[in-house]
Amino acid sequence: MSAVRYCLGFLIICGFAFTLRAEEQPANFGDLSIEELMNIKVTSVSKKVEKLSNATSAIYVITNEDLRRSGVSTIADALRMAPGVNVAQADAHTWAISARGFQSGLSNKLLVLMDGRSVYSPLYSGVYWDTQDAMLEDLDRIEVVRGPGATVWGANAVNGVINVMSKSSADTQGWLASGSAGTKDTTIDSVRYGGKINDNAFYRFFVKYQKYDELSFANTGLAAHDGWDNLHAGTRFDFTPSKEDKIVLQGDYYHGMHEETQTLASLIAPFEQVHTQDATMAGGNALTRWTHTFSETSETSLQFYYDRTEREELKLDQAIDTLDVDFNHHLKLPRNEIVYGFGYRHVQEHLNQTLAATFRPPNRGTELFSGFLQDEIEVLKDKFSITLGTKVEHNDFTGFEVQPSFKALWNAAKDHTVWASVSRSVRTPAPTETDLRAYLLATAIGRLPVTAALEPNQNDLSSESEISYEVGYRAKLHPRFSFDTTAFFNNYKDLRSNDAGRFFVETNPPPLHLTLPVVQEPNVRGDTYGTELSANWDPLDRLKFSAGYSFLKIILHQDNKSHAPDAQAAENETPRNQFNIRAYVDLPKNVQFDTSVCFYDRLLALNVASYTRVDVRVGWRPTRNFDLSVGAQNLMRAEHVEFAPGTSKIGRNVYFKLTLRF
Amino acid sequence: MSHRSASLRLFTLLVIAANSLALSALSEEALEYKVKAGCLFNFAKFVDWPANTFPDQNAPIIIGILGSDPFGEALGQTVQDREISGRKVVVRKYSDPQNAREAQILFVGLKGDLLASALKSLEHSSVLTVGENSSFTDAGGIVCFVIRDGRVSFDINPEAGKKAGLKIGSQLLRVAHIVSSKGE
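None of the values given here were measured: they were computed from a predicted structure.

## Considerations on the overall build of chain A
1) Next: Scanning chain A for helices and strands turns up seven helices and 35 strands.
2) Next: Considering only residue pairs separated by 6 or more positions, chain A has 61% of its internal contacts joining residues 24 or more positions apart.
3) Next: Accessible surface for chain A amounts to roughly 27,900 Å². Of this, 59% is attributable to carbon and sulfur atoms.

And the structure:
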């Protein structure tokens, strides 16, 4: 089906949107509760812009409705809707996600929070997307901030912060059961029950099971052994013991497995061995947060959480315990809005030796102390404000890190806002840079085994640092049309390169072999610049469009002393252009037709061609309690590769999904 | 199909789309005030008035409208045949703030100086004043409707509520946006 014909068919369906009777409305609004009344959309304009109009960062909000109508089943795929976020699925359970460049399975410049809990792995500075999961139906929104969030969120929020926020349990009462099945043998089933203890205490429990079948390798077409499943149970309690206090208690537990096939280096002919096993992942967390409102001008928040993550894979066998305490105070003075806070985090890593990796020390405990202060100064009431802030942290690797920022906001006119910011942020070193030894590959010269091995960097490793200059403009040109654009220039220092040293003879482990050490050194510096644009146009109540575009260019320079073969490859490992457009159409008889088209530019250095992804969903929702949908992901192309070769092909998935509430 | 006829179709459909703007705008407004009428009815459920507010056990709860009335039939239809705590609910219109003091809930459709003087005279009168223009709570009003994210929400000024002798229930305060009186 050609693209032109598809577009026409789509527009004809839009045409139906014009000839409609009024949507079903309750007979008498006096019968609805206040919450239900406040939930009814009375205008079609997306007021996201208004709420965010005073934000001094590039923010995009993915709403609960976006999650439902896009038909995505994972948070990773939901992030495709935000401009400036690079999402590439590498295999059935691995995604390479970053914001503003440096995309890889280990993207380390993006901080991800689930209801205030950081899910950024301190081990290798990345996120395991297969276990970052939630019942999407109970998520309130996902806020995607592109750009440095270091001043408020701390180190490692270099290029973005993704904040996944679930709904209060007061808003998720009753039963919800959802089941979906797809042609890629995917199954996702979840059940939630929400209840209340009294008018001030609400709770919910949920269980979610998901299973994804294996894909096939991009290069050989053979089965990739990357199928996975995960069982996740969780709970949330929301208490309002008094008008001034709010307490949230949350807990999760998950247990899952994924198949894996890895080719590991070996010192014995044929110098590589293919291993297949079922890797396990399990973990749990408990979080509590107490918000106390002293007055309309003073509010404090105290949060504790504990997180345990266990993953036993061929290359990495880890168990990590995290304990985190956070306090902040929000103070509104006549012309200053001040936020300050303190935090402490203790991370205990237990890393077992595997066939591929050894950590020394195997059990490392680290402590992080942090404090931040931010002041928004009203220079001209409702017209111009400046925000100064800084975060100071002390970590066990690099000592003190200071991350200041300076921002300005100008309300040029009603519905037109301009903002600018300059800030510094860092990514602190991770144990995979300082403690890890791993054989990368092996071959032989004659009968002498020769290997390349990743060696830990024993020197005082500095953090990667970034100074970011951003400017943005937000406007609502018409009640039904708004847009948001950002331009940025980032300067990086001490980025890592894989530096090769000199060959040396090694006898342990036997047999005797020649080893080329590879060490991650801070020998690369560079710049990135780009722009992001998002627009919302709601021509009708029943027809809404959202579009996003981003452009990114990365320029890297290697220091002369560096001996890294591919330090500049990262320039072409992230798409230069990305574009997406979504349409939500409400048709008669409570039928909804939703479609999205995403374009990703090629990855030259990884030999990945550009591709376009088309998702379609048709839903029928006769009442709020019954939602049946049928959809297709990757409708047009049977299979394509999104990330480095040697990973799996991502193909078409046709699914149906039923959601019931009672 | 040639590209030219395809783009012509596209254009026609987009023109129809633009023209439908006017039609849908009308039905939007009606819905907004139906929802607001529902909210006024709910306010009556979650606010406690002082003991001497009602002349007797059978007196109805009065939802009054002072000034311009944007509800049309919506408010009357919402409260028809409904009771709260055994009292009927009725809708009355007023043009003089002094007469409006008998109401329990009063929607004030006034602006500027008229609004300021009306609210001043109702300050200690046990009337829950409700409005929808942006300076309503600044001028001393208790509840102000605000459209956020395309949905009806409201700001509540608890201090003004206390001055009027009212006890606003936590169910309302929880879903509202709390504001304070500026310049105090």
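Okay, back to it.
## Section: the overall build of chain B
1) Next: A tally of regular secondary structure across chain B gives five helices and 10 strands.
2) Next: Out of the 184 residues in chain B, the part that is buried amounts to 48%.

## Remarks on the pairing of strand 6 (residues 128–131) of chain B
All names here are of chain B.
1) Next: Neither face of strand 6 is open: one carries Leu128 and Val130, the other Thr129 and Gly131, and all of them are buried.
2) Next: Both strand 5 (residues 105–109) and strand 6 contribute to a ladder of three bridges, which runs parallel. Bridging across to strand 6, Phe107 finds its partner in Val130.
3) Next: Between strand 5 and its parallel partner strand 6, the chain crosses via helix 3 (residues 112–121), and the hand of that crossover is right-handed.
4) Next: Examined bridge by bridge, strand 6 and strand 7 (residues 143–148) share two bridges and lie parallel to one another. Bridging from a neighbouring strand, Val130 pairs with Val143 of strand 7.

## A closer look at the sheet that holds strand 3 (residues 83–84) of chain B
Backbone hydrogen bonds are what pair the strands of a sheet, in a parallel or an antiparallel way.
Residues and elements named next belong to chain B.
1) Next: Read across the open sheet, the eight strands follow the order 3-4-2-5-6-7-8-10; overall the sheet is mixed. Single-partner strands in this sheet number two, and they are strand 3 and strand 10 (177–178).
2) Next: Bridge count for strand 2 (residues 61–67) against strand 4 (residues 87–94) is six bridges, and the pairing is parallel. Directly across from Ile61, in strand 4, lies its bridge partner Val89.

## Here's the deal with the packing of aromatic side chains
1) Next: Under the definition given, this model contains 21 aromatic pairs over all chains.
2) Next: A centroid spacing of 5.5 Å and a plane angle of 20 degrees characterise the contact between Trp537(A) and Phe545(A), whose relative ring orientation is stacked.
3) Next: Consider the rings of Phe43(B) and Phe154(B), whose centres lie 5.1 Å apart with planes at 75 degrees: the pair is edge-to-face. Of this pair, Phe43(B) sits in helix 1 (residues 3–46) while Phe154(B) sits in strand 8 (residues 151–156), and the two are 111 residues apart along the sequence.
4) Next: Accessibility expressed as a relative area gives 1% for Phe43(B), which makes it buried.
5) Next: Taken together, the aromatic side chains of Trp175(A), Tyr193(A), Tyr203(A), Phe205(A), Phe237(A), Phe239(A) and Phe662(A) make up a single cluster linked through ring pairs.
6) Next: A cation over a ring is seen here: Arg311(A) above Tyr128(A), with NZ or CZ 3.9 Å from the ring centre.

## Considerations on the confidence of the model for chain A
Residue and element names in this part refer to chain A.
1) Next: Averaged over every residue, the pLDDT of chain A is 84; residues scoring 70 or more account for 90%.
2) Next: Within chain A, helix 3 (residues 48–52) has the poorest average pLDDT of any element, 39, and strand 10 (residues 201–212) the best, 94.
3) Next: Counting interchain partners and residues more than four positions distant, the pLDDT-below-50 stretch residues 17–24 has 20 contacts.
4) Next: Low pLDDT, under 50, characterises residues 44–51; the predicted model gives this stretch 25 contacts beyond four residues in sequence or across chains.

## Considering the side chain of Glu260(A)
Residues and elements named next belong to chain A.
1) Next: Inspection of the secondary structure puts Glu260 in strand 12 (residues 245–265).
2) Next: Of the buried charged residues, Glu260 lacks a salt bridge, with Lys315 as the closest side chain of opposite charge at 7.7 Å.
3) Next: In this structure the side chain of Glu260 is engaged in a polar contact, spanning 3.2 Å, whose partner is the side chain of Gln262.
4) Next: Residues within four places of Glu260 in sequence aside, it is in contact with His225, His275, Thr276, Gln277, Ala279, Glu313 and Leu314.

## A short note on the environment of Arg637(A)
Residues and elements named next belong to chain A.
1) Next: Within the secondary structure, Arg637 is located in the loop between strand 32 (626–633) and strand 33 (639–640).
2) Next: Separated by 191 residues in the primary sequence, Arg637 and Gly446 place their C-alpha atoms 46 Å from one another.
3) Next: Other than its neighbours up to four places away in sequence, Arg637 contacts Ser610, Tyr611, Thr612 and Arg652.

## Observations concerning the confidence of the model for chain B
Residue and element names in this part refer to chain B.
1) Next: Averaged over every residue, the pLDDT of chain B is 80; the share at 70 or more is 81%.
2) Next: Across chain B, the element-wise mean pLDDT spans from 61 in helix 1 up to 94 in strand 6.
3) Next: With pTM at 0.73, the complex prediction returns an ipTM value of 0.77.

## Focus: the environment of Gln348(A)
All names here are of chain A.
1) Next: Note on placement: Gln348 falls in strand 16 (residues 336–352).
2) Next: Separated by 26 residues in sequence, Gln348 and Thr322 have C-alpha atoms that sit 6.4 Å apart.
3) Next: Not counting residues up to four positions away in its chain, the partners in contact with Gln348 are Ala319, Ile320, Asp321, Asn363, Arg364 and Gly365.
4) Next: Polar side-chain contacts of Gln348 include one of 3.2 Å to the side chain of His346.

## Focus on the nonpolar core
1) Next: Counting residues in each nonpolar core, the largest one holds 47 residues, and the members touching the most others are Leu40(B), Phe43(B), Ile105(B), Leu128(B), Val130(B), Phe145(B) and Phe154(B).
2) Next: By residue number, the principal contributor to this core is helix 1 of chain B, which donates nine residues.

Procedures and definitions
Residues numbered from 1 in each chain as written. Chains lettered and ligands numbered in written order. Predicted model: local features only at pLDDT ≥ 70, side-chain atom pairs only at ≥ 80, totals over all residues. Heavy atoms only, no water. Helix = DSSP H or I, 4+ residues; strand = E, 2+ residues; numbered from the N terminus. Contact = heavy atoms within 4.5 Å. Areas by Shrake-Rupley, 256 points an atom, 1.4 Å probe, with all protein chains shown as cover. Buried < 20%, exposed > 50% of the residue type's maximum accessible area, 1.4 Å probe, protein only. Pairing = 2+ DSSP bridges. Right-handed = clockwise from strand over helix to strand, strands pointing away. Phe/Tyr/Trp six-rings, centres within 6.5 Å; stacked < 30°, edge-to-face > 60°. Lys NZ or Arg CZ within 6 Å of the ring centre and 35° of its normal. pLDDT = per-residue confidence, 0-100. Lys, Arg positive; Asp, Glu negative; His and termini not counted. Salt bridge = Lys/Arg side-chain N within 4 Å of Asp/Glu carboxyl O. Polar contact = N/O pair within 3.5 Å; in protein donor to acceptor, adjacent residues only side chain to side chain. Core = buried A, V, L, I, M, F, W, Y, C linked by side-chain atoms within 4.5 Å.

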